[in-house]
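# Coordinate analysis (summary)
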Amino acid sequence: MTGWGVGGPARSQIGRAQLLKLGESPVPAPVTELTLQQKGAFTDPYVAGNVGAGVLKRFNIVFDYGAGN
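A quick note: this is a predicted structure, and the numbers were derived from the prediction, not measured. (Residues numbered from 1 in each chain as written. Predicted model: local features only at pLDDT ≥ 70, side-chain atom pairs only at ≥ 80, totals over all residues. Heavy atoms only, no water.)

### Some remarks on a nonpolar patch on the surface
A contiguous nonpolar patch, built from Val 51, Leu 56, Ile 61, Phe 63 and Tyr 65 and spanning about 540 Å² of accessible area, is present on the exposed surface. A relative accessible area of 34% means that Val 51 is categorised as partly exposed. (Patch = residues over 30% accessible without salt bridge, like charges linked within 9 Å, V, L, I, M, F, W, Y side chains within 5 Å. Areas by Shrake-Rupley, 256 points an atom, 1.4 Å probe, with all protein chains shown as cover. Salt bridge = Lys/Arg side-chain N within 4 Å of Asp/Glu carboxyl O. Buried < 20%, exposed > 50% of the residue type's maximum accessible area, 1.4 Å probe, protein only.)

### Describing the confidence of the model for the protein
On average, residues of the protein carry a pLDDT of 89, and 99% of them reach 70 or more. Ranking the helices and strands of the protein by mean pLDDT puts strand β3 (residues 12-16) first, with 95, and strand β1 (residues 3-5) last, with 86. (pLDDT = per-residue confidence, 0-100. Helix = DSSP H or I, 4+ residues; strand = E, 2+ residues; numbered from the N terminus.)

### Observations regarding the packing of aromatic side chains
This structure, assessed with the given rule, holds one aromatic pair. Ring centres 6.3 Å apart and planes at 20° place the aromatic pair Phe 63 and Tyr 65 in the stacked group. The pair formed by Phe 63 and Tyr 65 is uniform in burial state, with each residue classed as exposed. (Phe/Tyr/Trp six-rings, centres within 6.5 Å; stacked < 30°, edge-to-face > 60°.)

Following this line, the structure appears as structure tokens:
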């Protein structure tokens, strides 16, 4: 079990990727969780993934509400 949500426990296999690229920004060796779930949000075939705080803490995030971005 790697987490817990509204639907109950979340199960994943934990690993480490070689590289994640967010646009032109490389993130070397991020920890990854590959879902083992049979139903729920992380089983949607149109969702590529979820970037969490472990990756986002490496960036300065800016939300420009005035521009709608």
